[in-house]
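# Observations on the model geometry
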Amino acid sequence: MKHFDFDVVVVGGGHAGVEAVHIASTLGSRTALISLDKAAIARMSCNPAIGGLAKGQIVREIDVLGGLMPRISDQAGIQFKMLNKSKGRSVWSPRAQVDKRLYEKNIQLSLAALTNLTIIQGECVDIATEDDRVSGILLRDGSFVSCKSVVLTCGTFLNGLIHIGDRKIRAGRMGEPSSDGITEALVERGFKAGRLKTGTPPRLVKDSINWEKTKMALGDESPAPFSYRTKGFSPINEPCHQTKTSTACHDIILSNIQMSPMYSGDVFGTGPRYCPSIEDKVHRFSHHDSHTLFLEPEWLGSDQIYINGFSTSLPESVQIRALRETPGLESVEFFRPGYAIEYDFFPPSQLKATLESKQISGLFFAGQINGTSGYEEAAVQGLVAGTNAVKHIENKYPLVLRRDTSYTGVLIDDLITKDTMEPYRMFTSRAEYRLLLRFSNTDRRLIETSKSAGLIDDAYYDEIQKKLELTSQVSQALSSSIAPDEINPRLLQAGEAEIKQKTPANKLLMRPSVTITDLPTRLFENISISEIEPYFVWEAYLEAETEIKYDGYIQRQLRQIDRLKHQESFILPVSIDYLSINSLSLEGREKLNNIRPETLGQAMRISGVSPADISILSVVLAKSKR
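Throughout this description, residue numbers start from 1 for each chain and increase along the sequence as written. The model is predicted, so local features are restricted to residues of pLDDT at least 70 and side-chain atom pairs to those at 80 or more, both for listing and for counting; the totals for chains, interfaces and linings are taken over all residues. Processing note: side-chain calculations cover all non-hydrogen atoms of the structure and skip hydrogens and water entirely.

This next bit is on the sheet that holds strand β3 (residues 31-35). Spatially, the 5 strands line up as an open sheet ordered β7-β3-β2-β11-β22, and their pairing is parallel. Each edge of the open sheet carries a strand with a single partner, namely β7 (117-121) and β22 (363-365). Along the sheet, successive strands turn relative to each other by an average axial angle of 20°, direction set aside. By definition, two strands form a pair when at least two bridges between them are found by DSSP. To qualify as a helix, a DSSP run of H or I must reach at least 4 residues; to qualify as a strand, a run of E must reach at least 2; elements of each kind are numbered from the N terminus. Sheet topology note: the strand β2 (residues 8-11)/strand β11 (residues 149-152) ladder contains 4 bridges and is parallel. Note on β11: the bridge partner recorded for Val8 is Ser149. Each of β2, β3, β7 and β11 touches helix α1 (residues 15-26); the most contacted strand, β3, lies at about 165° to it. Angular values range over 0 to 180 degrees, each being the angle between N-to-C directions of two axes fitted as lines to C-alpha atoms, with helices fitted over their stretch in contact. Between two residues, a contact is recorded if the distance between any of their heavy atoms is within 4.5 Å.

The next thing to look at is the packing of aromatic side chains. Paired rings are identified among Phe, Tyr and Trp, the last through its six-membered ring, by centres lying within 6.5 Å, and are further divided according to the angle between planes into stacked (under 30 degrees), edge-to-face (over 60) and tilted (the rest). By the definition in use, this model includes 9 aromatic pairs. An angle of 55° between the planes, with centres 6.3 Å apart, marks the rings of Phe80 and Phe226 as tilted. Taken as a pair, Phe80 in strand β5 (residues 77-83) and Phe226 in the loop between β16 (215-217) and β17 (240-244) lie far apart in primary sequence, 146 residues in all. An identical accessibility class is assigned to Phe80 and Phe226; each is buried. Centre to centre, the rings of Phe191 and Phe346 are 6.3 Å apart; their planes meet at 90°, and the pair counts as edge-to-face. Residue Phe191 is located in the loop between α5 (182-188) and β14 (194-200), and its partner Phe346 is located in the loop between β21 (339-345) and β22; the two are separated by 155 residues in the primary sequence. Exposure categories follow from relative accessible area, calculated using a 1.4 Å probe and restricted to protein chains: below 20% of the type maximum is buried, above 50% is exposed, and the middle band is partly exposed.

Glancing now at the environment of Thr292. The residue Thr292 is located in strand β18 (residues 292-297) in this model. Between the alpha carbons of Thr292 and Gly13 there is a distance of 33 Å; along the sequence they are 279 residues apart. Residues contacting Thr292, with those up to four places away along its chain left out, are Gln242, Thr243, Lys244 and Asn308.

Once that is clear, we can look at the pairing of strand β12 (residues 161-164). Judged by which residues are buried, β12 turns out to be covered on both faces: Leu161 and His163 on one side and Ile162 and Ile164 on the other are all buried. Here 3 bridges tie β12 to β21, and the two strands are oriented antiparallel to one another. Its bridge partner lying in β21, Leu161 is registered against Glu342. As paired strands, β12 and strand β13 (residues 167-170) are joined by 4 bridges and run antiparallel to one another. Looking across to β13, one finds that Ile164 is bridged to Arg167.

Positive phi is not limited to glycine here, since Asn159 has a value of about 50°. Within the fold, Asn159 resides in the loop between β11 and β12. Assessed through its relative accessible area of 11%, Asn159 is described here as buried. Phi is positive for Leu355, close to 75°, though the residue is something other than glycine. Mapped onto the elements, Leu355 comes out in the loop between β21 and β22.

Below, the discussion takes up the side chain of Arg60. You can see Arg60 is positioned in helix α2 (residues 55-64). We define a polar contact as two N or O atoms separated by no more than 3.5 Å, with the added condition that, inside protein, one atom must be a possible hydrogen donor and the other a possible acceptor, whereas residues neighbouring each other in sequence contribute only through side-chain atom pairs. From its side chain, Arg60 meets the backbone oxygen of Phe226 in a polar contact 2.9 Å long.

Neither face of β11 is exposed, since Ser149 and Val151 on one face and Val150 and Leu152 on the opposite face are all buried. Where β11 lies against β22, 3 bridges are found, and the strand directions are parallel. In the sheet register, Val150 faces β22, and the bridge partner there is Leu363.

On to the sheet that holds β18. Strands sit in the order β16-β17-β18-β19-β15-β20 across an open sheet of 6 strands; the sheet is antiparallel. Since the sheet does not close on itself, it has two edges, and those belong to β16 and β20 (334-336), each with one partner. Strand-to-strand twist in this sheet, taken as the mean axis angle between neighbours without regard to direction, amounts to 35°. When β17 meets β18, the two strands line up antiparallel, connected through 4 bridges. Paired with His241 across the bridge in β18 is Leu295. Each of β15 (203-205), β18, β19 (304-308) and β20 is contacted by helix α9 (residues 316-323), which is oriented at about 145° to β20, the strand it contacts most.

Throughout this description, the term salt bridge denotes a Lys or Arg side-chain nitrogen within 4 Å of a carboxyl oxygen of Asp or Glu. For the structure on display, the rule yields 42 salt bridges. Salt-bridge contacts for Arg30 lead to Asp5; the nearest nitrogen and oxygen are separated by 3.8 Å. Note that Arg30 is positioned in the loop between α1 and β3 and Asp5 in strand β1 (residues 3-5), a separation of 25 residues in sequence. Residue classification places Arg30 among the partly exposed positions, given a relative accessible area of 35%.

Before going further, it helps to examine the nonpolar core. Think of a nonpolar core as a cluster: buried Ala, Val, Leu, Ile, Met, Phe, Trp, Tyr and Cys residues, connected wherever their side-chain atoms sit within 4.5 Å. Val9, Leu111, Ile137, Val150, Leu152, Leu478 and Leu519 are the most contacted members of the largest nonpolar core, which has 127 residues in total. Of the residues forming this core, the biggest block, 9 residues, is contributed by helix α10 (residues 375-394). Once you skip the residues sitting within four places of it in the chain, Leu478 turns out to touch Pro504, Ala505, Asn506, Leu509, Ile516, Leu519, Phe524, Ala544 and Ile548. Residues Leu204, Ile209, Ile305 and Leu329 belong to the second largest nonpolar core, which totals 20 residues.

Another point: the packing of α1 against α10. For the pair α1 and α10, the least separation of the axes is 7 Å and the interaxial angle reads 30°. Classed by the angle they form, the pair α1 and α10 counts as roughly parallel. Crossing of α1 over α10 shows right-handed handedness. Contacts between α1 and α10 involve His15, Ala16, Glu19, Ala20, Ile23 and Ala24 from the former and Tyr375, Ala378, Ala379, Gly382, Leu383, Gly386, Thr387 and Val390 from the latter. Residues are grouped as follows: Ala, Val, Leu, Ile, Met, Phe, Trp, Tyr, Cys and Pro are nonpolar; Asp, Glu, Lys and Arg are charged; all remaining types, including Gly, are polar. Taken together, the residues of the contact of α1 with α10 break down into 9 nonpolar, 4 polar and 1 charged. Throughout this description, any angle smaller than 35 degrees is read as roughly parallel, any larger than 145 degrees as roughly antiparallel, any in the 65 to 115 degree range as roughly perpendicular, and the remainder as oblique. By definition, any crossing whose near helix is turned counterclockwise from its far helix by less than a right angle is left-handed, and any crossing with a clockwise turn is right-handed.

In structure tokens form, the structure reads like this:
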């Protein structure tokens, strides 16, 4: 039997696993990545895109926290776009189409450059423990890998089962084997497991599409990079295309809907509500005559097209008949059909805010194994889990992010305090303090946390400080006054009332129709921007303007956060017996006993725990301290 010895072992080479091994290795731990297939590490198994609504903010956070996804996305991107620009600044979100082959290649090259990372091709089947502490993992070939921390990032591979109509294939994703054994081993140790489902659309042959019947969709001319490390950002702008389903397409789907495993009862796992299959869309939104589909190249020059919006598990013959009733796809051919995949997950209420298991010390979970969906959600969980796996070994203060500082904090807090009955997907609406969590102020929100945790080097920290200093200088310049003749023509043009005397620029910016580009350039002529990338210069100006325009709302949210700080810092005893507190509601007792929140703030956010329960709990705890 082979024996390996490491500090941190990460199981799974998807987006969560990649970030976990990268940060653990960067922090100096002897790290191992266990992957079923070395060639599949960082594979983009679904859509060829990174970022999007709220997800773009997460990618920026990954960058400031020392992760790989943002800079590799900038290298592999073939189209970049800022979404939601017609709405408020809090919901602007960067997104990129990427060359998935180049992305995978560059991630693998980055991992290969890490001197203290070993990649082992194999399958983990059990977790070894001593006195409820991780001591290693067992591989299917009998090898034992000893370690002090384990991060499980198994994605859709745990007892994965693919469905295409009534056809079933045991696999982690198409063409790759599933992973069996871990679920059973953990359930034997008292963990609760569940079953979820996700899906993917067909891949189309490019030359079989009539592109003249589709609508071209380009990215931004001056796009935003994800990473503050990116220099000389000037990406290509590869077009995507749009088409729409037809009533004839819908009729075919509806007349065959019982052949979909989701409707025939073959699939028991719950699917993602906010990324539904085409069957769900047509069935649930029958009042719509059509649904928009996006035709996206999977890599630069690809002959394989991803059809975003047509996730399905219908039989292949039904899929192709329905698509051939769609403009531009009348003669379409498949590289492969769409399919649903059902897999095991572990409800994340069994985890701490560090993503460490409450039952086994040193065992961390990240990614779809926690019931999430999406590359970005998985990646940031991997980064947090990998960081805390190292902190656990070193007995150092862990990385715990709050809801008011990051979307990552919202994501993890939601996971550990709310029942995950369907795949979790991040949205801006999930963040009650989203105005404070703008994509453009990620640096200021997280840079000091990242630096103190040792996640970034001095050079990166210094670069961020230059941008923050530029923002400060722009803010100071906006305190200068502007004469009527300098601004009135612009005010009239914008439909705003003229001024009759000198007025501070920041006061003018509070008007809805006035932007920083309307102001005289003389205000900023003494500001040096020579050492900062052009895009981040624009972002610094945008931030200064945003802080002025939204100041009243920002201050209100800051006051709300200040009022809740007591609850967030109030640590609940691990030994508390919630079931014995009869004054709590029955549901409150059951939920608190099941989830066992770490703080009073977490307890407040548990579904089913009422404000009255929190008041009673506070009184009981206060009495116990006397």
